[in-house]
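Read off the chains here:
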Amino acid sequence: MVASAKLEMASLEPKGLVPFTRESLELMKQHIAKKHTEEQRDLKPNTDLEVGKELPFVYGNLPGGMVLEPLEDVDPFYKNKNTFMVLNKSRTIFRFNATWCTFSPFNPIRRTTIKILVHPFFRLFILISVLIDCIFMSLTEMPKWGPALQNTLLGIYTFEILIKLIARGIWVEPFYFFGDPWNWLDFGVTLFEHIARYLILNSITIFIISRNLRILKIIPLNQGLKSFAGILIHCLKKLTGVISLTLFFLSVFSLIGMGLFMGNLKHKCLRWPQENETATLHNRTGNPYYIRETENFYYLEGERYALLCGNRTDAGQCPEGYVCVKADTNPDYGFTNFDTFGWALLALFRLMTQDYPEALYHQILYASGKVYIIFFVVISFWFAFYLASLFLGILAMSYEEEKQKAAEKAKKIEPKFQQTLKELQEGDKAAETKTTQIEMKKRSPTSMITSLNMLDDATVAIRREEELKKSRKRCPLCWNRFAKTFLIWNCSPCWLKLKEFIHTIIMDPFTDLFLTICIILNICFLALECYPMSEETNNSLSIGNLIFIGIFTAEMSLKIIAMHPYGYFQVGWNIFDSLIVFHGLAELYLSNIHGMDLFRTFRVLRIFKLAKYWPTFKILMQILNNSLVALKDLVLLLFTFTFFSAVVGLKLFGMSYKECVCIIDKDCRLPRWHMHDFFHSYLNVFRILCGEWIETLWDCFKVAGQFGCISFYMMVILIGNLLIIYLFLALVSSFSSYNAATTEEDDEAKNLQRAVAKIQKEINYVLSKILCKNQNVSKNKMDSVNGVYVKENISDHTLSELSNSQDFLKDKEKSSGTEKNTMTENESQSLIPSPSVSETVPIASGESDIENLDNKEVQSKSGDGSSKEKVKQSSSSECSTVDIAISEEEEMVREHEKPKHLKDGYRQRSSPGQLSRESKKGKIWQNIRKTCCKIVENSCFKCFIGLVTLLSTGALAFEDIYIDQRRTIKILLEYADMIFTYIFILEMLLNWMAYGFKAYFTNGWYKLDFMVVIVFCLSLIGKSREELKPLISIKFLRALRVLSQFERMKVVVRALIKTTLPALNVFLVCFMIWLAFSIMGVHLFAGKFYECIDPTSGERFPIFEVMNKSQCESLLFNESMPWENAKLNFDNVGNGFLSLLQVATFNGWITIMNSAVDSIGVNRQPNFEDNIYMYCYFISFIIIGLFLPLSMLIGVIIANFNKHKIKQGGSNIFITVKQKKQPRALRRLLCEDSQKRIHRPGNKFQGLIFDLVTSEVFNAIVMALICFQAITIMIQSDEQSQNMDIALCWINLVLIILYTGECILKLIAFHCNYFTIGWNIFDFMVVIFSVTELFLPVMVGYYLVPPSIMQLIRLSRILHILRPGKGPKLFRDLLLPLILSLPALLNISLLIFLVMFIYAIFGMYNFAYVKKEAGINDVSNFETFGSSMLCLFQVTIFAGWDGMLNAIFNSKWSECDPDKINPGTQVRGDCGNPFVGIIYFVSYILISWLIIVNMYVVVVMEFLNIASKKKAKTLSEDDFRKFFQVWKRFDPDRTQYIDSSQLSDFAAALDPPLFMPKPNKGQLVAMDLPMAAGDRIHCLDILLALTKRVMGKDVRMEKIISEMESGFVLANPFKIAYEPITTTLKRKQEAVSATIIQRAYKSYRLRQNDKNTSDIHMIDDDKEVQATTDNAYFDKAEEKSTIQSQI
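Just so it is clear, the structure is predicted and the values come from calculations on it, not from any experiment. (Residues numbered from 1 in each chain as written. Predicted model: local features only at pLDDT ≥ 70, side-chain atom pairs only at ≥ 80, totals over all residues. Heavy atoms only, no water.)

Let us now look at the overall build of the protein. Along the backbone of the protein there are 63 helices and 11 strands. Here the protein holds 1687 residues, and 47% of them are scored as buried. Put simply, of all contacts in the protein between residues at least 6 apart along the chain, 74% involve residues at least 24 apart. Counting every atom, the protein has about 86,700 Å² of accessible surface; 62% of that belongs to carbon and sulfur. (Helix = DSSP H or I, 4+ residues; strand = E, 2+ residues; numbered from the N terminus. Buried < 20%, exposed > 50% of the residue type's maximum accessible area, 1.4 Å probe, protein only. Contact = heavy atoms within 4.5 Å. Areas by Shrake-Rupley, 256 points an atom, 1.4 Å probe, with all protein chains shown as cover.)

What follows covers the environment of F643. Relative to the assigned elements, F643 resides in helix α26 (residues 632-659). Judged by its relative accessible area of 14%, F643 falls in the buried class. When the C-alpha positions of F643 and S138 are compared, they lie 8.8 Å apart, and in sequence the two are 505 residues distant. With near-sequence residues (within four places) excluded, F643 lies in contact with C134, S138, I215, F678 and Y682.

On to the confidence of the model for the protein. The predicted model of the protein averages 78 in pLDDT, with 76% of residues at 70 or higher. Ranking the elements of the protein by mean pLDDT puts helix α34 (residues 825-829) last, at 33, and helix α28 (residues 678-689) first, at 96. Taken as a whole, residues 1-14 scores under 50 in pLDDT and shows 23 contacts with residues more than four places along the chain or in a different chain. Segment residues 1663-1674 is flagged for pLDDT under 50; beyond a separation of four residues in sequence, or across chains, it makes seven contacts in the model. (pLDDT = per-residue confidence, 0-100.)

So, about the environment of Q1563. Considering the arrangement of structural elements, one finds Q1563 in helix α59 (residues 1561-1566). In sequence terms Q1563 and S1544 are 19 residues apart; their C-alpha atoms lie 9.6 Å from each other.

Taking 1.5 Å of rise per residue, the 12 residues of helix α15 (residues 357-368) would be expected to cover 16 Å, and the 16 Å separating its terminal C-alpha atoms lies within 8% of that figure. Of all 12 residues making up α15, 12 are buried, and the element is well covered by its neighbours. For α15, every residue scored as buried is listed here: P357, E358, A359, L360, Y361, H362, Q363, I364, L365, Y366, A367 and S368. (Expected span 1.5 Å × (residues − 1).)

Now for the packing of aromatic side chains. In total, this model carries 93 aromatic pairs according to the counting rule given. Ring plane angle 35° and centroid distance 6.2 Å describe the contact between F248 and F1371, whose orientation is recorded as tilted. Highlighted residues: F248 in helix α11 (residues 240-261) and F1371 in helix α53 (residues 1369-1407), separated in sequence by 1123 residues. Across the pair, exposure class does not vary: F248 and F1371 are buried alike. Ring geometry for Y1314 and F1315: centres 5.1 Å apart, planes at 85°, overall edge-to-face. Classification of Y1314 as buried rests on a relative accessible area of 1%. For K609, the ring lying beneath its charged end belongs to F552, and the centroid distance is 4.8 Å. (Phe/Tyr/Trp six-rings, centres within 6.5 Å; stacked < 30°, edge-to-face > 60°. Lys NZ or Arg CZ within 6 Å of the ring centre and 35° of its normal.)

Turning next to the state of the cysteines. Two cysteines, two sulfur atoms, one covalent bond between them: this is a disulfide. One pass over the full model with this rule turns up six disulfides. Disulfide pairing is shown between C269 and C318; the S-S distance is 2.1 Å. Given an S-S torsion of about -90°, the disulfide between C269 and C318 has left-handed geometry. With C269 in strand β4 (residues 267-271) and C318 in the loop between α13 (288-292) and β5 (322-326), this residue pair connects regions lying 49 residues apart in the sequence. Among the residues examined, C318 registers a relative accessible area of 22% and is labelled partly exposed. Of note for the protein: the bonded cysteines, numbered N- to C-terminal, pair according to 1-3, 2-4, 5-6, 7-8, 9-10, 11-12. Distance from the sulfur of C660, which forms no disulfide, to the nearest cysteine sulfur (C662) is 9.1 Å. (Disulfide = S-S within 2.5 Å.)

Moving on: the pairing of β4. Where burial is concerned, most of β4 is hidden: four out of the five residues are buried. In the sheet, β4 pairs with β5 via five bridges, with the strands oriented antiparallel. Looking across to β5, one finds that L270 is bridged to V323. (Pairing = 2+ DSSP bridges.)

Within the secondary structure, R672 is located in the loop between α27 (661-664) and α28. A distance of 2.5 Å separates a polar atom in the side chain of R672 from a polar atom in the side chain of D1158. (Polar contact = N/O pair within 3.5 Å; in protein donor to acceptor, adjacent residues only side chain to side chain.)

Let's shift gears to the nonpolar core. Residues F383 and F1214 are the most contacted members of the largest nonpolar core, which totals 341 residues. The element best represented in this core is α53, accounting for 20 residues. Apart from residues no more than four positions distant in its own chain, F1214 is found in contact with V1051, V1052, A1055, L1056, F1201, A1384, N1387, I1388, N1494 and V1498. If you look at the next biggest cluster of nonpolar residues, it comprises 23 residues, including F1530, C1579, L1583 and L1586. (Core = buried A, V, L, I, M, F, W, Y, C linked by side-chain atoms within 4.5 Å.)

For helix α14 (residues 341-352), with 12 residues, the first-to-last C-alpha span of 16 Å sits near the 16 Å given by 1.5 Å per residue. With 10 of 12 residues buried, α14 lies mostly within the body of the structure. Phi turns positive, to about 55°, at Q354, one or two residues after α14.

By the definition in use, this model includes 47 salt bridges. When the shortest N-O distance is used, the salt bridge between K217 and D186 registers 2.7 Å. With K217 in the loop between α8 (205-212) and α9 (218-221) and D186 in helix α7 (residues 181-199), this residue pair connects regions lying 31 residues apart in the sequence. Taking relative accessible area as the criterion, K217 reaches 2% and is therefore assigned buried. A salt bridge links D1373 to R1372; its shortest N-O distance comes to 3.1 Å. Residue D1373 shares its accessibility class with R1372, and that shared class is buried. Overlapping salt bridges bring together K266, K326, D339, D1278 and E1279 as one network. (Salt bridge = Lys/Arg side-chain N within 4 Å of Asp/Glu carboxyl O.)

What follows is the structure, given as structure tokens:
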């Protein structure tokens, strides 16, 4: 109350609010009748005063007389726009037009409709009506009173439209009814609904959809939703280029797929008829009735479709008795094929979205051959990686722009609020400031976008404090008094003493440590639950649960006593703890009630108690909470779209599923995924948004047709993914601000640290007491032997050691005070050396490794002014040593490490002879080490070792299942292993000699080499003895040596460590979230996935035959497998994690969900969708357990990437030092002038042809021919008519002739220069192949080279669209990030290939003989290296690994045969190893995911880097290159000068940002350019002036200008120096002065003429002279003002 009174006192009168009267309208019309001034033209609408936003607080309070009344517009932009504004009680701004309406603004009817329209209750009433309509739209069956309700709602919508029409007027300009697109939507929907209602057209599709569009009416009713919808539409405009590029490549790859695979998927294995063995193959396969009989095709066990085959040697082969023929239809109900362009485009879109790609891979590889895996690899990289990265980059750029706009708006608004705060602080300062700050939060004009930037810790803390104070203020006075009276317990002094005592105990650090341990133990107890579980274990867990409930209850009780209830419940974590306690106590009382098992799942909330003591967990949860609050409108928009899509699917296809159910199910039962009811329709939409849509699309095709299904699915996929990706990027941006180093710890975390520190202190104290005597003894020994031996050099070092440093230890060095040029032992052990320092290993000491245990960093100690350090330097290339001075402590240690045969107290001085002998031995040893150092540092030796490493790694690929059949190769490999082992042992010995043991074993890469040598030795030992044969299987680790041999690998590994290791804390947080879901899954589904399977059909018994386990075991014919569990289940936490991983990768998740929704209970037979709402568990996991943690991890990885990129000066952390020089060369690949310029020939005929082939029209005609050829391929189809074949043949002949003619014309025009351009060589080769195609059928026929291949060769000319200067510039800009990222992508790809290679070899050793079923078949298996790489490629893109793991799970007698004889080898059995398989696939998925995420980060960050450079006022190399391109046209003789008269045309011909549009003479003159003799201007002077104009006052300008000058001098060493004689400004001033003098002199001469001349003529001349003089002075003044503005 006090605050509101002060506000009224501070602003009694509203600022700028004036009623809109007839005089205001007349005055507005008068202003409009006049011409607008330039200032008014430059005005822009104030974003703070937009429609729908609240009037800012600076305009003061709103009097009651101005509410719902017309007011003059306060925005200057609308002052003369015929508009007025109306405010409601909520201060929301509404704008209306004053003219061109049905009624005037002063008409009582219109005023009444305006009051109704702007009233908040009217909008609320419409919103409630829409929500009720949405509820009834989701119903499958309408109640009896449904039509009456629909009519009522239709009347409400009609009334709303009439109100809007009267209030706003019928027109299409802004603020009219039809000026708002949302009003068009309302009007159209209502109109269609009236037509459908009265003309009975409800069955027509457009009328079905039109009413569902009513759901979207929710968007304009909410300002936040409307703002986000506008932002996303703006993003779509920016995405037009990427969408065009995507459609282009989709079309190209679809045509390639048609050329390669058309008709191949119809090839089946057909059984030969036995009754006519002598008949020819043509007769056997020519019988159409025989081919149509599907029983004659070969089917694999459990497969729905016949086995595909091909005629290539690497394609699928038919079994004996079958022949491969083209027959029957395509697989997947005929919907998967490349027979026409439409189906090929659908298949490519499926591959682009990575939906069930493994099935299409297998089908194509079976039918066409394994070599075509290259096609799929290219598609996966180009679409699923690069184009996806472009989409992410553009959306991320749009999001960052919105954040910057919001920040700029906030900065502009802040001074206004500060001024208002000063006014209000004159009274009651505390109350006024608090109220004003809250009001500022409310009235922020950037309510939607500003919230995106609310994630700073300080802002969040202030906001939470304000909300807490606000909530306290809202509390009524009576409740406040009641709380302070009854909830603050200060009864008696004894109670206060007890309270103080308990407060001391409960706030003690060891209490927090004890509670933390209890929470961790409770989590462990929760994770120990499993099925089956013994009675003892169950009792133990129950007792443990009771104990933990008691502990948490005691904690709550003691804290309530210590803090009293009023203070306890003011803390959010205490409220959460109390809820945990109340849940635990309620669970004890409800445990015996049937159906309350679901209540137990809330135990997992105890895991989140750990966040109170874990700062990272707590901060991430706070960021997540604040992000979701800030993005609540975007989340609501996404939910609105999914709800709309589900309702549209229900209305469009619901009845079709019911009527045509027998087409898709043989039992005429609705499938699991349909759209007959709202819940299943919503599940279907959710599945589509998860990327699994192709299988449900096939069902939709069969029941509802292709056109409607394709349209609906494309709408859901494209718009839904746009919303999801934008939300994902917003969350990633918020988490990228997380910094573990700056995380502030609260009292609980600090208490834990104090408790642990005290424990460590006590332990150290006890250890020091125990070891005290030993330390004293050791000191005495050191004193007794001190001074016995002559001091020797401790170690020899390479010079590079003195400058070696590590990036990740810089902060540590600063804090400890160590020098930056020192190298500690921890640094040498790391795999992350500084990128700026070459990697060299210091040479160790001349003595043994035992003598160098305390070899510390180089120190320089000064005693009485003189340095004790003596350094002898020599060339490092000669491997010379450096003698380092020894400190006293080091001398003591060295003297203590004397040989054992000398006893304490024995002293003896060496004779000169002995010293000379020792010095000779030392020199010999030193020379040996120098020689070894020269050898190991020699480049040829390094190349040799690298080659041997590659050979030893590549040799592993030959050890497949056929190695025993290839005896020669096996023997060669055995000898090669021995040779490789000896070579690596020799290299290791040389390194030991050169560098010493300590330096060798403190370097991470040499440790890796040593481990690989051990692996070599163990593999050789394993071959010698049968019992040690398992050691051979570790040979796959040999490939790790590649990491240490190649710099590119090292750089990528270091970068991955830098970006990943700091995120380990976040990984643990994500692990805890998954643990909570896994425990929840155990509570819900443990023991419920068992089912009784019919052994004959392999299907589950229906529940009316078998209801439980006992009935299943009682079946006589089912004794062998009575009760079978699903391979993936939730019987324990480990299995739960594996199941959740499959759900997270969307592999096998449908099977897991089916088992969950069918489950009934333990030992009970599952039933179809008996527990259907268990889908909600998996939906929750995908949102909370996958989407949110993924955004956390990627946000933190991006933050680490940017941090280390800044440390390296902005260069990419995934490239080497040499590769940092490549971007400039890579940019030139996309330059128009990268090719050699060809001069026009002097011959007239050749010159005429040259002009023809270089004209834009000729190039356009050629591009039109290329596109026409693409269209001719699009219209082709499999088994097309003969007339079509003939027509296409003639068209191809004409195109070949035209291409040949083009080639001949260019050869005539360009001569030999034709072959200096790569694109011309490419065109020439296409012509050669095309001409050769004409003669191939005559010579060899179509068998060797099919015509489709030749068509694709000609089609390759379509790549000219991407040619610089020929195709759209937009495509070039989109390809630039890929070009610049190529070095980093190549390095990362090498690491991915190495990881795939290692895992492929491991898979060959462990899974080569696994039974072929599920995901392991003739194409995807681990029998050979190629097949293993194919399997791992699938796993890399998260496709089909569930099937492979399912096959590896076969380890029982009922599933596999452990004694099966494998031909050609001694290995027996076809069983898998589930434990090894799980570790194999899970580890590979995690490693590959980390690498691929960093690949995405590299490209997206490169895109954002390019975008930021374009947005900033800076110039790139491309801008300078374009400048000199234009210069060549104005200076063809390369004189480096142009005439000053050409300067205006030259500046207008430049490209932005150097472009200066005409008229520009005044600006050019103001630049004051130096001019040489002949009024010539030098190109460098012009470039420097234009650069200054663009850069402005940028701090980088001086650096850029100096670099330009030096670069120009280097590029033009023979430039003739010149002395400028004037400047453009001086020359203009001289010209103006001369004009003035001439005109004055002329006037003087005229006055001296005949006095009898007419006075009229004299007056006219005087006026002319005066006018010209005034103009001249005006021009001069204008030039000076222009100069000042430029400065």
